[in-house]
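Structure at a glance
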Amino acid sequence: MTVTYTSRVATARFGGFSQLLLLWRGSIYKLLYRELLLFLAAYLGLSLAYRFLLSEAQKRLFEKLVLYCDKSANLIPVSFVLGFYVALVLERWWGQFRSVPAPDGLMLAVAGNVHGADARGRIMRRTLMRYGSLAALLVLRAVSTAVYKRFPTTDHLVEAGFLTREERRRLEGLRSPYNKFWVPCAWFGALAGQARREGRVRDDCALKLLMEELNRFRGHCSLLFHYDWISVPLVYTQVVTIAVYTFFVTCLIGRQFLDPAQGYAGHELDLGVPVFTLLQFFFYVGWLKVAEQLINPFGEDDDDFETNTLIDRNFQVSMLAVDELYGEVPALERDRYWDAASPQAPYTAAAAPLRQPAFRGSAFDVALAKEEMQFQPLEDIGETLGDALEPPPRPPPGTFTRRFSLLRRKNSAGSEGGFGPEPPPGAPPAPAAPGDGDSLGGDTAVLLGDAPGGGSGPHDRWLLHPSVDDVV
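Predicted model, so just to flag it, every value in this text is computed and none were measured. (Residues numbered from 1 in each chain as written. Predicted model: local features only at pLDDT ≥ 70, side-chain atom pairs only at ≥ 80, totals over all residues. Heavy atoms only, no water.)

Attention now goes to the packing of aromatic side chains. Per the counting criterion, the structure on display carries 21 aromatic pairs. On the basis of an interplanar angle of 65 degrees and a centroid distance of 5.1 Å, the ring pair of F80 and F84 is categorised as edge-to-face. In this pair, F80 and F84 are both assigned in helix 3 (residues 78–98), four residues apart and thus about one turn of the helix distant. An identical accessibility class is assigned to F80 and F84; each is exposed. Through successive ring pairs, a cluster of aromatic residues spans F39, F247, F248, F281 and Y284. Across the ring face of Y326, the terminal group of R125 is positioned such that the distance to the ring centre comes to 3.5 Å. (Phe/Tyr/Trp six-rings, centres within 6.5 Å; stacked < 30°, edge-to-face > 60°. Helix = DSSP H or I, 4+ residues; strand = E, 2+ residues; numbered from the N terminus. Buried < 20%, exposed > 50% of the residue type's maximum accessible area, 1.4 Å probe, protein only. Lys NZ or Arg CZ within 6 Å of the ring centre and 35° of its normal.)

And the structure:
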């Protein structure tokens, strides 16, 4: 069901995508032509009624309605809500494809770690892979309508060879209302443990590898089932659908061509058919149709996943890997480049023009003059290098102390509520009152080393070279 066009666009050229526009299967035309014809028919019906059926008074009233709808259509945020919705659906679609369980890793682990060329070893390997295929089939049967139509009951699974009658009895005997795709995984684990006890799985590391691959396979089955269970919130889908259809119902009236004789702004030309409105409908409703097709890729649309083909491929490949290919190694022989020091694969005449030189790095294209590639003596560049690495000079001792002293003198000139008169030249400065509002105060003086009683405080030491005794 998947429409593959990869080979048509393998090489970019002029109008490369234009050759895809005429494809019908899986195309937007096939999805949209009914809605487009319905919109065009409704538009032309209103246009004919306006031109030939309405009276002059009714025409004036209809023209006012057209102008109002044309102005109001721009209030609907169609592109905003539709763009986010399609991006969300596309991301979900790709996640569902990545969650489809593939048995390749599991079959390689079984073929390489469950040993025995006898009938017992062969039946163990085949049964292990049949359990894996059965688990994937039970999930796909629950989420895909195409798979369910192929295997509608467990009797069909028995007849197809995925399930034995004893296994069906045990599966249906489990009293659980939930999907039972996990049951074959439990059987797989029990049978792998039995193979370990029999020595067909030779060590615990091999058994661990088998269980890790089984858990990875089961995780894909569970994720796929939960994608089917948890959908995009219904309210989001409803909002987007209502926004798109409301917008075009409004455009159905608002984009009508009016009589140019009435002199309405923007209605100087009467084309009869709204070409650009039809293009807008094609793009927006087509965008919505894309989301409608991608939101569940397990249906029967042209671009839905080919789940039945996946079942056939996975079942056949897994059985071949663990049975017919078990222990089959081609005879070892020297390859044709055995004596070649630098082996190179040949090119055909068609592929020879595509051969390119090896990429060694973008810096290899840098061109330097011959004199710029000469090494310079270290004596010529050592002085400059030493100047660049020399640390900045340290301030002389006592710099911070002098700054605090200047600050202390400045503040001591003030008084509470304002500045006092300046002392006459040569007079000693007036002593600051302890706790003065504009002065540093007694506590600050102690901090700066001017405590009553004279003497210098410890700031001369801890400002520049603090010691353990000076650290608070």
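The next thing to look at is helix 4 (residues 104–113). Here helix 4 has its buried residues at L106, M107, A109, V110, A111 and N113. Of the surrounding secondary structure, the elements contacted by the buried residues of helix 4 are helix 5 (119–143), helix 9 (182–197), helix 10 (204–229) and helix 13 (307–324). (Contact = heavy atoms within 4.5 Å.)

Right, let's get into the confidence of the model for the protein chain. Considering every residue of the protein chain, the mean pLDDT works out to 85; 81% of them sit at 70 or more. Note that pLDDT drops below 50 for residues 412–420; the model gives that stretch 13 contacts with residues more than four away or on any other chain. The low-confidence segment residues 432–465, where pLDDT is below 50, has 45 contacts with residues more than four positions distant or belonging to other chains. (pLDDT = per-residue confidence, 0-100.)

Turning to the side chain of T307, a few remarks are in order. With respect to the helices, strands and loops of the structure, T307 is situated in helix 13. Residue classification places T307 among the buried residues on the basis of a relative accessible area of 1%. In contact with T307, other than residues within four places in its own chain, are L140, S144, A146, V147 and F298.

Glancing now at the pattern of salt bridges. Here the structure, examined in full by the defined rule, presents 23 salt bridges. Between R168 and D155 there is a salt bridge; the shortest N-O distance is 2.1 Å. With R168 in helix 8 (residues 165–173) and D155 in helix 7 (residues 154–160), this residue pair connects regions lying 13 residues apart in the sequence. We classify R168 as buried; its relative accessible area is 19%. On the basis of relative accessibility, which here comes to 44%, the residue D155 falls in the partly exposed class. One salt-bridge network, in which partners are shared between bridges, spans E56, K59, R60 and E63. (Salt bridge = Lys/Arg side-chain N within 4 Å of Asp/Glu carboxyl O.)

Our next topic: helix 12 (residues 275–294). For helix 12, which comprises 20 residues, the first-to-last C-alpha distance of 28 Å matches the rise-based estimate of 28 Å (1.5 Å per residue) to within 8%. What helix 12 keeps buried is the set T277, L278, F281, Y284, V285, G286, L288, K289, A291, Q293 and L294. Looking at the packing, one finds that the buried side of helix 12 touches helix 1 (28–53), helix 3 and helix 11 (234–254). (Expected span 1.5 Å × (residues − 1).)

Helix-helix packing is described using two parameters, namely the angle between the two axes and the distance between the axes. It is at 10 Å that the axes of helix 4 and helix 5 come closest, and there the two elements cross at 165 degrees. In terms of axis orientation, helix 4 runs roughly antiparallel to helix 5. Like other packed secondary-structure pairs, helix 4 and helix 5 cross with a definite hand, here right-handed. Counted together, L106, M107 and V110 of helix 4 and R125, L128, M129 and G132 of helix 5 form the full contact between these two elements. Looking at the contact of helix 4 with helix 5 residue by residue, the classes come out as five nonpolar, one polar and one charged. (Axes fitted to C-alpha atoms, helices over the stretch in contact; angles between N-to-C directions. Parallel < 35°, antiparallel > 145°, perpendicular 65-115°, else oblique. Left-handed = near helix turned anticlockwise from the far one by under 90°. Nonpolar A, V, L, I, M, F, W, Y, C, P; charged D, E, K, R; others polar.)

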